[in-house]
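A closer look at the structure
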Amino acid sequence: MKITVFGSGYVGLVTGACLADVGNQVMCMDVDQAKIDKLKQGIIPIYEPGLEEMVKDNMLAGRLQFTTDVKEAVDFGLFQFVAVGTPPDEDGSADLKYVLAVAKSVAEHMTDYKIIVDKSTVPVGTADKVKQTVLDELAKRGETLEFDVVSNPEFLKEGSALDDFMKPDRIVIGTDNPRTAELLKALYAPFNRSRERVITMDIRSAELTKYAANAMLATKISFMNELANLAERLGADIEHVRHGIGSDSRIGYSFIYPGCGYGGSCFPKDVKALERTAKEMGYHAELLSAVENVNDRQKHRLFEKISAHYPDGVQGKTFALWGLAFKPNTDDMREAPSRVLIDALTAAGATVQAYDPEALHEARRIFGDKAGLMYCEKQADTLQTADALIIVTEWKQFRSPDFDALSRSLSDKVIFDGRNMYEPKFVKQAGLRYYAIGR
Ligand SMILES: NC(=O)C1=CN([C@@H]2O[C@H](COP(=O)(O)OP(=O)(O)OC[C@H]3O[C@@H](n4cnc5c(N)ncnc54)[C@H](O)[C@@H]3O)[C@@H](O)[C@H]2O)C=CC1
Ligand SMILES: O=C(O)[C@H]1O[C@H](OP(=O)(O)OP(=O)(O)OC[C@H]2O[C@@H](n3ccc(=O)[nH]c3=O)[C@H](O)[C@@H]2O)[C@H](O)[C@@H](O)[C@@H]1O
C-alpha cells in the first residue's frame with residue numbers, strides 16, 4: 001500500500017519505517033528541511049535503538065522516501081498519516097496548529113479519495129475540526145472530493161519504539177465508516193497476526209482512549225511517588241511495598257516504580273491537556289490536577305534530600321550527575337527531572353559534572369554554557385573531584401558501579417539515587433551514605 005506520513009519526529013519516523021519494513025511504499029514529509037536533508041543521507045536526528053538500521057534498509061530497498069514537497073507527499077499515499085507535534089498551549093490545552101496545517105495541505109493538493117489518519121495525540125473533537133478544515137479548503141477549490149478522517153492514536157514508548165510499533169498491545173481505530181475500518185485493518189494486518197489486536201470504535205472514544213491511557217499511567221506513577229514520600233516518614237521501604245502490591249495481578253508490576261518524577265514529551269502535556277478539556281466541559285478533574293501537582297513536587301525531591309544532607313548549603317560542592325534524558329534509551333530531555341535538578345543545584349552555587357550515554361548533545365543545546373554545569377564525555381570523568389554522586393536516569397550501565405571505588409572517589413561519600421537502582425546494604429557496605437526515594 002502507499003502511505004504518506006506527515007511529521008518525521010519520534011512517531012512519524014517510527015511509523016514510516018515500520019510500515020515500510022513490512023513491504024509498504026512510504027513517503028515521509030516534514031517541513032524541517034535540515035531534518036529531511038539528513039534523513040535522505042540516512043542520518044537519524046534522534047536516538048532510538050534500531051531505527052537507523054531500519055530506515056537505511058528500507059531506503060536502500062526503495063520502500064522509504066523523504067520529502068519536504070507537500071504536493072508530492074499528498075499525491076503519494078492513499079493513507080495520509082498525521083504525526084506532527086501537539087505541544088501544550090499557554091493554558092495547557094493541546095495546540096492543534098500543526099495538525100490543522102497538515103489537514104489544509106492535504107485538502108489543497110488532493111485530487112482523489114484520501115484517508116487522513118491521525119496519529120498525533122489530540123483532544124476529543126479534533127477529527128471534526130480536521131474534517132471541517134478539509135471541507136472548507138475543498139470548497140475554496142470548488143471541489144467535492146471524498147475523504148475520511150480516522151483517529152489511530154499511537155501508544156509507543158521512546159526507547160522501545162520499534163518493538164512497541166511492531167508488536168503493539170492494541171491498535172485503536174476510531175472511525176464512523178466501516179469501509180475505512182476494513183482498509184486500516186488490512187494495513188495493520190502484518191502487526192496483527194498472532195492475536196487480534198485491532199479495537200475499532202467511534203472517533204471521539206478513540207481520541208479519548210489515548211489520553212486515558214497516558215493519564216492512567218501517570219496516575220500510577222504519582223500514586224507510588226506519594227506513597228514513597230509517606231514510606232520515608234513511616235520508616236517503611238517503598239521497594240518492598242512495590243513488590244508487595246505488584247504481585248497482585250489486579251495491580252501488576254508495571255509503571256509502579258517510584259522516582260524523581262515522570263518527564264518526557266507526553267505524560268506532562270497530556271495530563272495537562274486532559275485537565276484542560278475537562279475544564280472546558282465545566283468539570284473539575286481533581287484527580288488529574290493531583291497527579292500533576294504530585295509530579296511537579298517530586299521533581300524537587302532529590303534537591304530537597306541533597307539540601308537536607310548539606311544544611312549549610314551546596315555552595316562550592318561538586319556533584320557527579322548520571323543521567324540527563326527523561327528515561328533510559330533515549331536522548332530526549334523534554335520535561336526531564338534532570339533539568340529541574342540542574343537548575344536548582346547551579347542556582348545554589350554547586351558545580352554539576354553531568355554524563356548521559358546519549359543526551360549530552362541535547363543538554364548542550366538546552367543549557368549551553370550554563371554557569372556551574374560541566375558536560376562529561378565519559379561516566380568516569382564526572383567523578384573527578386566530586387563530593388557526591390546523583391543518579392537521575394536509570395541507564396543499564398549505571399546498574400553495577402564499583403561501590404568501593406566510588407567510596408574512594410567521592411569526598412563526602414554519599415549517593416543520592418532518584419531511581420532506586422541499588423540494594424542499600426551493598427552501598428552502605430562500601431562506607432557510602434545512600435539516599436533513595438521512599439526508603
Ligand atoms: N514521542 C512519543 O513517544 C509519542 C508521541 N505521541 C504523539 O505524537 C505526536 C508527535 O510527537 P513526536 O513524534 O514526539 O513529535 P516531534 O516533535 O518529534 O516531531 C514532529 C515533527 O512534525 C514536523 N511538522 C510540523 N509541522 C508539520 C507539517 N505541517 N507538515 C509536516 N511535518 C510537520 C516537525 O518539523 C517535527 O519534525 C504528538 O501529538 C505526540 O503527543 C504519541 C505517542 C508517543
Ligand atoms: O504518548 C506518548 O508519548 C507515550 O508516553 C509514554 O511513553 P514515554 O513518555 O516514551 O515513556 P515512559 O516509559 O512511559 O516513561 C515516562 C516517564 O515516566 C517515568 N516512569 C515510568 C514508569 C514508572 O514506573 N515510573 C516512572 O517514574 C519515566 O522515568 C519517564 O520519565 C507512554 O508509556 C506511551 O505508551 C505513550 O505512547
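Now for a look at the structure at hand. (Residues numbered from 1 in each chain as written. Chains lettered and ligands numbered in written order. Predicted model: local features only at pLDDT ≥ 70, side-chain atom pairs only at ≥ 80, totals over all residues. Heavy atoms only, no water.)

Quick word on the environment of S289
Mapped onto the elements, S289 comes out in helix α12 (residues 286–298). With 232 residues separating them along the chain, S289 and D57 place their C-alpha atoms 45 Å apart. Among the polar contacts made by the side chain of S289, one reaches the main-chain carbonyl oxygen of E286 at a distance of 3.1 Å. (Helix = DSSP H or I, 4+ residues; strand = E, 2+ residues; numbered from the N terminus. Polar contact = N/O pair within 3.5 Å; in protein donor to acceptor, adjacent residues only side chain to side chain.)

Some points on the site of ligand 1
Surrounding ligand 1, one finds 25 residues, the nearest of these being V11, D30, K35, T86 and K269. One of the side-chain nitrogen or oxygen atoms of K269 is found 2.6 Å away from an oxygen atom of ligand 1. A distance of 3.4 Å is found between an oxygen atom of ligand 1 and a side-chain nitrogen or oxygen belonging to R334. Within the complex, 87% of the 840 Å² of free accessible area of ligand 1 lies under protein. Elements that contribute at least two residues to the shell around ligand 1 include exactly α1 (10–21) and α5 (97–109). Its residues placed into classes, the shell around ligand 1 shows 10 nonpolar, seven polar and eight charged. (Near = heavy atom within 4 Å. Areas by Shrake-Rupley, 256 points an atom, 1.4 Å probe, with all protein chains shown as cover. Nonpolar A, V, L, I, M, F, W, Y, C, P; charged D, E, K, R; others polar.)

Quick notes on the packing of helix α13 (residues 301–309) against helix α14 (residues 337–347)
Packing of α13 against α14 leaves a shortest axis separation of 9 Å and a crossing angle of 30 degrees. Judged by the angle between their axes, α13 and α14 are roughly parallel. Residues L302, F303 and I306 of α13 form the contact with α14, whose participating residues are L341, A344 and L345. Classifying every residue of the contact of α13 with α14 by side-chain character gives six nonpolar, no polar and no charged. (Axes fitted to C-alpha atoms, helices over the stretch in contact; angles between N-to-C directions. Parallel < 35°, antiparallel > 145°, perpendicular 65-115°, else oblique. Contact = heavy atoms within 4.5 Å.)

Distances and angles like these do not, on their own, reveal function.
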